[in-house]
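Structural description and commentary
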Amino acid sequence: MSWCEEGGSVRPGQPSEATSANGSASTTASTCWGKSQPDGAKHPLTDHCLDVAIVLRALLDLDNLARLGIPDARQKDRLAVIAYLHDLGKCNRGFQAKADPTARETAGHVMEALGFLYDPRLETCHLLAWCDLMQSVAGWFADEDQALQMLIASISHHGRPISQGDIERWLADSAHTHHLQLWRPSAGYDPLAALDRLAEVARAAFPAAFEDGIPPIDATAERQHRFAGLVMLADWIGSDTQFFPFRQSPEEDRLTLARQAAQRALAVIGLKVPEPRQPKAFSDVFRFAPTPLQEALASQLEVGEATRLLLIESDTGSGKTEAALAWWMRLYAEGKIDGLYFALPTRVAARELYTRVLQAVERAFEPDQRPRPVLLAAPGYVRIDGAPLLPDPSGALWDDDARAQWRERFWSAERPKRFLAAPVAVGTIDQALLSVLQVKHSLMRSVCLDRHLLVVDEVHASDPYMRELLKGLLRGHLARGGWALLLSATLGETAAAAFFGREQAPLVAAVARPYPLISARDKTWPMPPARERTVAVELAPIMDEDEALIPRLIAALEAGARALVVCNTVRRANSLFRTVESAIAKERPQLLPALFAVNGVACPHHGRFAREDRELLDAAVTAQLGKASPEGAKLLIGTQTLEQSLDIDADWLITDLAPMDVLIQRLGRLHRHRRDSRPSVHERPRALVRVPAKALAEYLGKDGELHGPAGLGTVYPDGRVLAATWALLAAHPEIRLPQQARELIERTTHPEALEALPEVWRQHRDWLYGRQLADIVQAMRSLLEPQPFGELHYPDKSEQVLTRMGDPTYDIPLAEPLVSPFGATIRRLTIPASWLEDGAIPDTLHAVALEGGFRFTIGNQSFRYTRFGLEKDNV
């Protein structure tokens, strides 16, 4: 790139024309527009660039958000000038032609801007203000390469970094060989004059940036990434007409308006939090005295570098959520963070937790001091301060002012890419992981997330792909000065060591670690258990014999017990439900009301229901089996959706064999609350674990892959963990929780324990390592690298980067809404990709209503939706 070394002799501070920052100069360049509306209204490009630059400058003063390590206000002004140039490409004649709907030769502005900067054939030496600006910018950083990289970062504000290779390919493409014409005058419009005008307004708006004696900025790759994310955020805000309306008159003082609008926008969105920060005491917020675990986070642990990353390991129902919120309030009060992101494994889990977080925030602060909005950041379930995304106008009139105020509040909720801009948000771990992946706007997500305490709930060993991504997320978050808290009931030493970046402890030492426990990287704080239980465990080789359960289930219901059955797959849950319901109808019809039901319709519980029905199912679970539920017999059959998040208090658990950490989660559903009227046979918590009729090793294939029943080998691919779990359960007919939790987890997940298994598992181990290695490599390829702009390149737009492995799904709308078996209005269905033929993904589903549901066809496959959820018609 040429930095105009041979430019004119314009002195700093004296460009060739009027230097007013309000953009009102009467030149041909004044016709250059930056934003337009359907009604034909246009917003001058100089104004739009100024709006964005002023927002960027305001963001830089928010220390917990910016995190650039640049305290000098003049250096911040220089960065604002670079941000001002983000849309310089809009000066080109092809973009300006878009003002005419009939125009045939139009162009974009991102690649066109970079083509302008890179193509040496473009002569700009006669542009006095532009060349003066470029010569100044070239000296603002450690070297000219960094200056160019920062310009590329600013121009890449649409979310995808533009690499030098992208630019070279664009210039070489025959479709763009005539791009020079875009910068030549025509029909009374001169693109280069417009560019010169941009430079004039930039200098007038930020005169301190051009002073002498300012130290150069060392724009490392990390700072470039940060700056790019800030520009993306500033562009989103500065382009929003609710904060930055189009120019109303030539005399308008745009600079003053932009400064006022920026401050208001940051406050309304929640990026600038209210002062003072004075949360109330724990007991006032939660209405009970803190446990030792909660007290440690609320007041005892030191706030410092050693506690930037903490891990809480404690059993289900021990108050980890309240402990996390207490830690957040403490960090927030001390100004260490500006917000909270509570990340959970699923959208349903986020929805269930959201109300608790919202209530805590509302109680913790006086109304004028409360950070707002509190966002449920889960697509399909979005809520703002407890209300739906859009107000329901039925029965009410919303005046313009009320509607405008409402829309301002849900700015962060309008698009998933902006979820993390909310000061307090509860969502899925995916939203956080997207901040470290090579996907559009990841750098903006990172900027928003790093000011938060990142709480990752229900952390477990998970799959290698997810673990590698979470390691990358924590590593970057902490390196940029962020704070993180991991919550788990079942995290093993292998995963904990990976997250802390320390050496893995040997098995003996891992087993000896206390439980419950708060851990930092180099220090631990043992905690007393919140409760103690002894669970009687029975192994039954009836994994493929549903009928064998029926007599015992009937006996349990007749005794008034609350029985919970957790299956490893949806197909097994539906099949078992049909078998049990049919048997009860024949043998004990008076027990049919004991079957779990929604609005009088009996059904299982799993993840293959439409969102509207899933909300009804989850609410019914809490109402029928939660803390305040009525006494009496109840049978709930479902899948992993019942393991976590939902409030379930069961007397008896029946479960398929699963990894020990998963089983401990399921055991947490037993005797969750204090009840004095349990059936005598279930006064102690009891669990029946269904195992295969054959030894697990007999299901190993020749290549070492496990092909067991009930998802053993597919849902849970690590047969070694399953074999170790089975053996340990056989040796422990009674399990004391939480006292034995550490030993149970380590002896089924620690590498030393798995290596001690019989020789028959060696080939399976090798097969598994090959699969895990591929997952880890894929995860590492997906993570962002600290490369400077120009080198930084994301995958092709057609390549999808996933936040988790497994069977992807498609969310497809119905052509016409239909009523579900439970009375809800269904508008969309989620369908596993593996159920669809290649290329058979319709834009809408044309379904036909039938008794108890509806049916539709995709390609050659028919589907039905009933009280059993979504199923293939031939199943």
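Here goes a summary of the coordinates provided. Computed from a predicted structure; not experimentally measured.

**Focus on the pattern of salt bridges**
Pairs can form between side chains of opposite charge whenever their charged atoms are close. A full pass over the atoms with the stated rule returns 54 salt bridges. Salt-bridge contacts for R277 lead to E275; the nearest nitrogen and oxygen are separated by 3.2 Å.

**Examining the packing of aromatic side chains**
Any pair of aromatic rings gets described here by the distance separating the centres and the angle formed by the planes. Counted according to the given criterion, the structure contains 16 aromatic pairs. Centroid distance F856 to F863: 5.3 Å. Interplanar angle 20°. Geometry classified as stacked. Through a chain of ring-to-ring contacts, the aromatic side chains of F609, F822, F854 and Y865 assemble into a single cluster. Across the ring face of F210, the terminal group of R203 is positioned such that the distance to the ring centre comes to 4.1 Å.

**Digging into the pairing of strand β20 (residues 734-737)**
Residues of β20 alternate between two faces, with I735 and L737 buried on one and E734 and R736 left unburied on the opposite face. Note that strand β13 (residues 533-540) and β20 share four bridges and pair antiparallel. Bridge assignment links V535 to a residue of β20, and that residue is I735.

**Brief notes about the side chain of H673**
The residue H673 is located in the loop between α25 (660-667) and β19 (686-690) in this model. Judged by its relative accessible area of 19%, H673 falls in the buried class. Here D647 takes part through its side chain, which lies 2.6 Å from a polar atom of the side chain of H673. Beyond its immediate sequence surroundings of up to four residues, H673 is in contact with G626, K627, D647, D649 and R678.

**A word on the packing of helix α5 (residues 110-118) against helix α7 (residues 144-155)**
A packed helix pair is summarised by two numbers, namely the angle formed by the two axes and the spacing between the axes. Contact geometry for α5 and α7: axes closest at 10 Å, N-to-C directions at 160°. Here α7 runs roughly antiparallel to α5, going by the angle between their axes. When the axes of α5 and α7 are compared, the crossing they make is right-handed. Contact residues: V110, A113, L114, L117 and Y118 in α5; L148, I152 and I155 in α7. Looking at the contact of α5 with α7 residue by residue, the classes come out as eight nonpolar, no polar and no charged.

**Considering the nonpolar core**
Most often, soluble globular proteins keep nonpolar side chains buried together rather than apart. In this structure, L56, L59, L79, W130, F141, L271 and L454 are the most contacted members of the largest nonpolar core, which totals 136 residues. Looking at this core element by element, the count peaks at 11 residues for helix α1 (residues 45-60). Core analysis: the next-biggest nonpolar cluster, separate from the first, contains 73 residues, F609, V621, L657 and F856 among them.

**Topic: the environment of A495**
Within the secondary structure layout, A495 lies in helix α20 (residues 493-500). For A495, a relative accessible area of 3% puts it in the buried group. With 205 residues separating them along the chain, A495 and L700 place their C-alpha atoms 26 Å apart.

**Remarks on unusual backbone geometry**
Cis geometry is adopted by the peptide bond preceding P516, which originates at Y515 and carries an omega value of 0°. Tracing the backbone through its elements, the reader meets P516 in the loop between α21 (507-512) and β11 (517-519). At the junction of L737 and P738, the peptide bond is cis and its omega measures out at 5° in the coordinates. Residue position: P738 is located in the loop between β20 and α27 (741-749). Within the chain, E458 stands out as a residue other than glycine whose phi angle is a positive 55°. For E458, the location among the structural elements is in the loop between β9 (452-456) and α19 (464-479). We classify E458 as buried; its relative accessible area is 15%.

**Description of the sheet that holds strand β24 (residues 853-858)**
Overall, antiparallel pairing links the four strands, which are arranged β23-β24-β25-β26 in an open sheet. Since the sheet does not close on itself, it has two edges, and those belong to β23 (848-850) and β26 (869-872), each with one partner. Going from strand to strand, the sheet's axes swing by 25° on average, the running direction of each strand aside.

Quick notes on the rules
Residues numbered from 1 in each chain as written. Predicted model: local features only at pLDDT ≥ 70, side-chain atom pairs only at ≥ 80, totals over all residues. Heavy atoms only, no water. Salt bridge = Lys/Arg side-chain N within 4 Å of Asp/Glu carboxyl O. Phe/Tyr/Trp six-rings, centres within 6.5 Å; stacked < 30°, edge-to-face > 60°. Lys NZ or Arg CZ within 6 Å of the ring centre and 35° of its normal. Buried < 20%, exposed > 50% of the residue type's maximum accessible area, 1.4 Å probe, protein only. Helix = DSSP H or I, 4+ residues; strand = E, 2+ residues; numbered from the N terminus. Pairing = 2+ DSSP bridges. Polar contact = N/O pair within 3.5 Å; in protein donor to acceptor, adjacent residues only side chain to side chain. Contact = heavy atoms within 4.5 Å. Axes fitted to C-alpha atoms, helices over the stretch in contact; angles between N-to-C directions. Parallel < 35°, antiparallel > 145°, perpendicular 65-115°, else oblique. Left-handed = near helix turned anticlockwise from the far one by under 90°. Nonpolar A, V, L, I, M, F, W, Y, C, P; charged D, E, K, R; others polar. Core = buried A, V, L, I, M, F, W, Y, C linked by side-chain atoms within 4.5 Å.

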